[in-house]
Amino acid sequence: MSLHDDAVLVLKAYEDQPELRRAYLDHLSAHPDGMWKACEAGHLTASALVIAPERGQVLLTLHRKLNMWLQMGGHCEPQDTSLTAAALREAAEESGVAGLTLLPGGPVRLDRHPIPSPCNWHLDVQYAALAPAGAVEAISDESLDLRWFDYDEVARVADDSVVRLLEGARARL
């Protein structure tokens, strides 16, 4: 199964945010290259909020280009076999945390946001990743900093998209 086909199946199974879900499916229908960074009309991305529930904390990255505290995530790559694989790969690469597992139940949220040309839009499929006990992070070259934040600190440092993702993930824990 192609990554495109996997994304369609994931989105069809996703029951929340019906208008945004429909927009994602319409985008993939209109753009066979809609999974890839080269699609100038926008493309799907995969991200994961790294959570340590036993500590009541999340690991955020200070994004190098955006200078914002965000969840781990990014573009799908040719080796990704699924959106979940892309989200888990991005989370592991950007956090340096070994042994991450995705929170069961598929994506937690969808978030569409504008980005500078030539891409125009990221259609982010957002997951949550559980960090193993004693997880140790390691900063990547895509990040200015990595830091664990208590749940109640997130709204002070991150944008509304990250706050909504945390709320959705906590509702599933």
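Predicted model only: the values in this text are computed from it and were never measured.

Colleague: What am I meant to see in the nonpolar core here?
Modeller: Generally speaking, a soluble globular protein has its nonpolar side chains buried in company with each other. In terms of nonpolar packing, the biggest core is built from 34 residues, with Tyr 24, Met 35, Leu 44, Val 50 and Leu 83 touching the most fellow members. Secondary structure elements with two or more residues in this core: helix 1 (3-13), helix 2 (18-30), strand 1 (43-52), helix 3 (83-95), strand 7 (121-130) and strand 8 (143-150). Among the nonpolar cores identified, the runner-up in size contains 19 residues, and Ala 128, Leu 165, Leu 166 and Ala 169 belong to it.

Colleague: For this particular structure, what's the right way to read helix 5 (residues 160-172)?
Modeller: Each α-helix turn comprises 3.6 residues. Residues three or four places apart therefore point the same way. Spanning 13 residues, helix 5 covers 19 Å between terminal C-alpha atoms, matching the ideal 18 Å at 1.5 Å per step. Those residues of helix 5 that fall on the buried side of the exposure criterion are Ser 161, Val 162, Val 163, Leu 165, Leu 166 and Ala 169. The opening residue of helix 5 is Asp 159, an N-cap whose side-chain oxygen sits 3.2 Å from the backbone nitrogen of Ser 161.

Colleague: Explain the pairing of strand 6 (residues 109-114) to me, please; I cannot follow it from the model alone.
Modeller: In the sheet, strand 6 pairs with strand 7 via six bridges, with the strands oriented antiparallel. Paired with Arg 109 across the bridge in strand 7 is Gln 126. In textbook terms, the turn of a hairpin is the stretch between consecutive antiparallel strands, and for strand 6 and strand 7 this stretch comprises six residues, one of which, Asn 120, has a positive phi near 75°.

Colleague: What am I meant to see in helix 3 here?
Modeller: For helix 3, spanning 13 residues, the distance from its first C-alpha to its last is 18 Å, which sits close to the expected 18 Å at 1.5 Å a residue. By the burial criterion, the buried members of helix 3 are Leu 83, Ala 86, Ala 87, Arg 89, Glu 90, Ala 91, Glu 94 and Ser 95. Packing partners of the buried residues in helix 3 comprise helix 1, strand 1, strand 2 (57-63), strand 4 (72-75), strand 7 and strand 8. Two residues or fewer past helix 3, Gly 96 is found with a positive phi of approximately 75°.

Colleague: For this particular structure, what's the right way to read the packing of aromatic side chains?
Modeller: Throughout the structure, instances matching the rule amount to one aromatic pair. Ring centres of Trp 69 and Phe 149 lie 5.0 Å apart, and the angle between their planes is 75°; on these two criteria the pair is classed as edge-to-face. Here Phe 149 lies in strand 8 and Trp 69 lies in strand 3 (residues 69-70), a separation of 80 residues in the sequence.

Colleague: What is the right way to read the pattern of salt bridges from this model?
Modeller: For side chains bearing opposite charge, pairing can occur when the charged atoms are close. Taken as a whole and assessed by the stated rule, the structure comprises six salt bridges. Taking the shortest distance from any N to any O, the salt bridge between Arg 89 and Glu 93 comes out at 3.2 Å. One end of the pair, Arg 89, and the other, Glu 93, are both in helix 3, four residues apart, so they sit about a helical turn from each other. Taking relative accessible area as the criterion, Arg 89 reaches 14% and is therefore assigned buried. A salt bridge links Arg 164 to Asp 111; the shortest N-O distance between them is 3.6 Å. Here Asp 111 lies in strand 6 and Arg 164 lies in helix 5, a separation of 53 residues in the sequence. On the basis of relative accessible area, Arg 164 is assigned to the partly exposed category, the value being 33%. In this structure Asp 111 comes out as buried when scored by relative accessible area, which is 12%. One connected set of salt bridges, linked through shared partners, spans Asp 80, Arg 89, Glu 90 and Glu 93.

The rules behind each value
- For every chain, the first residue of the written sequence is number 1, and numbering continues from 1 onward in sequence order.
- Whole-chain, interface and lining totals are the exception, using all residues; otherwise, since this is a predicted model, local features are given only for residues with pLDDT of at least 70 and side-chain atom pairs are given and counted only at 80 or more.
- Working from all heavy atoms in the structure, the side-chain values ignore hydrogens and water.
- Residues belong to a common nonpolar core when they are buried Ala, Val, Leu, Ile, Met, Phe, Trp, Tyr or Cys residues joined through side-chain atoms within 4.5 Å.
- Exposure categories follow from relative accessible area, calculated using a 1.4 Å probe and restricted to protein chains: below 20% of the type maximum is buried, above 50% is exposed, and the middle band is partly exposed.
- Helix and strand definitions here come from DSSP, where helices need a minimum of 4 consecutive H or I residues and strands a minimum of 2 consecutive E residues; each element is numbered from the N-terminal end.
- Any helix carries an expected span of 1.5 Å times its number of residues minus one.
- The definition of a polar contact used here is a pair of N or O atoms within 3.5 Å, where within protein one atom must be able to donate a hydrogen and the other to accept one, and adjacent residues in sequence count solely through side-chain atom pairs.
- Here, strands pair whenever DSSP counts at least two bridges between them.
- Pairs of residues are marked as contacts when any of their non-hydrogen atoms sit within 4.5 Å.
- Geometry of aromatic contacts follows a simple scheme: Phe, Tyr and Trp rings, the Trp one being its six-membered ring, pair when their centres are within 6.5 Å, and the pair is stacked under 30 degrees between planes, edge-to-face over 60, tilted otherwise.
- The term salt bridge refers to a side-chain nitrogen of Lys or Arg lying within 4 Å of a carboxyl oxygen of Asp or Glu.

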